[in-house]
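Coordinates in review
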Amino acid sequence: MTRVADVPVPVVSSPGSETRAAASQRRSTSHARRVVAWLWIRLTRRGALLMAVAIAAYVVLEVASYRAAYPNGVSPVQFKLFEDNPMSRMMQGVPHGLDTPGGFTVWDGGWFMQLIVCVWALLTTTRLLRGEEDAERADLVLAGPVRARYHTASALAVVAGCSVLIGAAAASALALSGQGVEGAVLFGLGLAGVAVTIAGIAAVMCQLVNVHRRAAGFTALALAVAYLLRMFANSTDGRVWARWTSPLAWMDVLTPYGEPDLRAVIPFVLVPLLLVGLAVWLRTRRDLGGALLVTEAGHEPHLRLLGSPFAFAWRSNRGVLAGWAVGLAALAAVEGALVSTMMDWLAKDQDYQRLFQQLGYDQALTTLGFVAVMAQMFGMAIVLSVAWRVGAARTEEETGRAEAMLSRPVSRLRWLGGHAVLAALSGLGLLVLTGAAFWLGCVASGFHDVSWSDAMRAMLNCLPVVVLVGGLTVLTFGLQPRLTVVLPVTLVVIAYLATFLGPPLSWPSWLLDLSPFTHLAWVPMVPWAATSGIVMTALGLAMCAVGLLAFRRRDVIGG
Amino acid sequence: MATTPAIRTEGLTKHFGKVVAVDHLDLEVQPGEIFGFLGPNGAGKSTTVKLLLGLLRPTAGRAWLDGIAVSDVERAHRSVSTVPGDVALWPQLTGAETLELLGNLSGNVDIPFRDELCERFDLDLSRRIRSYSKGNRQKVALVAAFMTRPDILLLDEPTVGLDPLMEAEFQALAREASARGQTVFLSSHLLDEVEDLCHRVGILRAGVLVEVATLEALQRLTTTIFEATLDGPVPSFDDLPDVVSVEPTDGGVRLTVAGAPGEVLSRLNGAGLTRLHAHAPTLEQIFLTYYETSSGQRDAVAAAHGVTSGVPPSDGERS
């Protein structure tokens, strides 16, 4: 009888009470707690493993591309170039230890990896803490002998555990590819820490507002603010104090492979603990399904935009679109305002220009080339937003709400076609808006070398990719609805990264040609590549058509 | 047949992978009829309704609503409304907004009737769907289904979550609809509901339509169960064809009897009857008659009850 805890031990010998004892053991809180924790793990493990593998692969690719591009390490001149370049300082961070592949990976890819794990943490946390409640599945769990406090805390503990796993994957990939263990551990710690911090913010949002999407939206807003604060902090050496204000900049304080400032470990550990504690406390202050900042009082009906499937699809998705619009416009205006600084800095020194040419970055040497590079980066973000917009149709189907539409005189073609048209219009609108904001940013900073038409043409150049990926998403929805968002988004991120990582690794050109971004000309520096633009648009429209037809021929299926 | 059937299926079949959800369903429901579609959970009732709505694509077979192929949803759905088995609505909309949206999608809303329905169901439309109870969501779906006065109502377990008062209101509505010539297809696992309401009943088991009977035939099928406590020994009932089963119990006997019970009672009386409890079979027992007995036994039971003639030949038994 040494392992009492594992075996249900009958206290009384009669058969009836034996069963009752076993049953009461099964109903015990400790057992229920294990079951809840197991449930959270079930709901997160696949995504977390996928993230861990993806981040490790990203690290390995970065190390390999560094070795290919800089066989002798980054020279002091190159280092200076990266350090002084205001754009790379603000986007990627102030470089440290670029003489090693590890330092280069942290600087070149670290910011993007941070963003990826933050988005993962945001989506996972809001799904566990709000999605489960919205779907009324949390009711079932909380009917067991488990307190709401434990329910929330254990979900966050599992998210934290997954974050540590992802951080450990990054650290192992760095260490195993021959980089210093200390830097690897610090980088892994930073990645895990920033993920848990965002998870903590998301957890607090989940207590303040109801509805999964709303909590995710507010957390995304917080993430965007953190990114802008980091840009501000890294813009000049005089503002490094501001790094403490943004979780995304704590990694810059930590500087793995540079001169590590271990004080950064404090916010990485303390802030998530405080946020999680706050979220758990707030959870005890509210009802299941309730929220602290929202009351569900009735209101006068708003009967506009309820007239057709199309109007209603617009009504229910305009909030998300507004979020994308505000975020992209703010970022584009900031980048636009930086163009003149960037150009002044480039014009100052012939050495830099020569170096740019050697590195093959010559398109970024001119103002218009620089605008083209920026436009394609925003283009990629807009492409992702379009994939998510088509994914809203899948959410309607998954929740069973599409049935309420499709069991009325609404054809599948009309319903899905409406979503596809709205996705395309949203994409177009975001392209125009981003171009306008970029141009306004230039003008506001007193820089007039970028015309309205330059900015517009640069953004609209991305339209074929928007159509292509939108079409791919509709096609996926028609054929494999469960992969509607996952497949296109993964492919777009890989394709976009491939255009940067592929050339230094001398990937074969046919492989690079698979990426739609390879086929975009650097508009407005060079004219629009008409052939590839038309081909991609036609391909996108064709995939959209096939997807629409495939949807007509398949079952409407829930989650 | 002169009139077009409101609902017709021909060899309608649906497979999900290896699972056969609906197997060669042949069905005709006439205009103005209230047709009960009875079966336990997982029998394929909801799948059938979704096939009729064109939400699922049949593996084989065809179906028509008012003579229009169900795949032509824009035409077929003009005269159809439904209450789905799993009511899913937009949590952010209020009840009023939901009815406005669904009404606009269907067209032809009878506004005074809609208001009357809301009143009869005692529905507060100012709250958001999110804050509604399950019963209230069900009421919204019911109002949305009835308010367009459709020719055909496909109702998948529509009274789930309703209290008895509201259930009675629903039954009244269904009868009124039928009296006006509207067809009601009522899928249910509640025998009482179907018995009270329906003109004809189809019984579905594991995707197979095992029986279609008029209400009278169904009632003839239903037996009475006598639980008797006896002083003396249990007499023999072998020579009585109406006694379907005899089970000895502690101090007596349990008999399942179809038809007139006079002879049975007198024999029990002769055997020293001290206590008699009679009750109608529960739904489980009716299902048992159809589900658990082999087809040979079922035929014997049916023959004993003389109901085979009550089964329309086109919808005959399969097994």
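Whatever comes next refers back to the structure up there.
These remarks concern the structure in this document.

Here is what the cut-offs are and how they apply
- Residues numbered from 1 in each chain as written.
- Chains lettered and ligands numbered in written order.
- Predicted model: local features only at pLDDT ≥ 70, side-chain atom pairs only at ≥ 80, totals over all residues.
- Heavy atoms only, no water.
- Contact = heavy atoms within 4.5 Å.
- Buried area = accessible area lost by both parts, 1.4 Å probe.
- Salt bridge = Lys/Arg side-chain N within 4 Å of Asp/Glu carboxyl O.
- Polar contact = N/O pair within 3.5 Å; in protein donor to acceptor, adjacent residues only side chain to side chain.
- Helix = DSSP H or I, 4+ residues; strand = E, 2+ residues; numbered from the N terminus.
- Nonpolar A, V, L, I, M, F, W, Y, C, P; charged D, E, K, R; others polar.
- Pairing = 2+ DSSP bridges.
- Axes fitted to C-alpha atoms, helices over the stretch in contact; angles between N-to-C directions.
- Expected span 1.5 Å × (residues − 1).

This part takes up the interface of chain B and chain A. Of the residues lining the interface, 34 residues belong to chain B; the matching set on chain A comes to 37 residues. Taking both partners together, chain B and chain A bury about 3100 Å²; carbon and sulfur atoms supply 56% of that area. Three residues, L55, W90 and L105 of chain B, lead the burial of chain B against chain A; their summed loss comes to 21% of the area buried on that side. Taken together, chain B and chain A are joined by four salt bridges. Here chain B and chain A share 14 residue pairs in polar contact (both at pLDDT 80 or more) between them. Among the elements of the structure, strand 1 (7–16), helix 2 (73–76), helix 3 (95–106) and helix 5 (134–146) of chain B are those that each provide at least two residues to the side of chain B that touches chain A. When residues in the side of chain B that touches chain A are grouped by element, the largest group, eight residues, is from helix 3 of chain B. Of the residues that constitute the side of chain B that touches chain A, the class distribution is 15 nonpolar, eight polar and eleven charged.

This paragraph deals with the sheet that holds strand 1 of chain B. Residue and element names in this part refer to chain B. The strand order 2-1-4-5 describes an open sheet built from four strands, whose pairing is antiparallel. Every interior strand has two partners, whereas the edge strands, strand 2 (19–29) and strand 5 (68–69), have only one. Pairing of strand 4 (residues 60–65) with strand 5, which is carried by two bridges, proceeds in the antiparallel orientation. Bridged to W64 within strand 5 is A69. Relative to strand 1, helix 1 (residues 45–52) is tilted by about 115°, and along the sheet it contacts strand 1, strand 2 and strand 4.

Here we come to helix 17 (residues 412–444) of chain A. An ideal rise of 1.5 Å per residue puts 48 Å on 33 residues; helix 17 of chain A measures up with 47 Å between its terminal C-alpha atoms. Among the residues trailing helix 17 of chain A, G446 of chain A stands out with phi positive, at a value near 80°.

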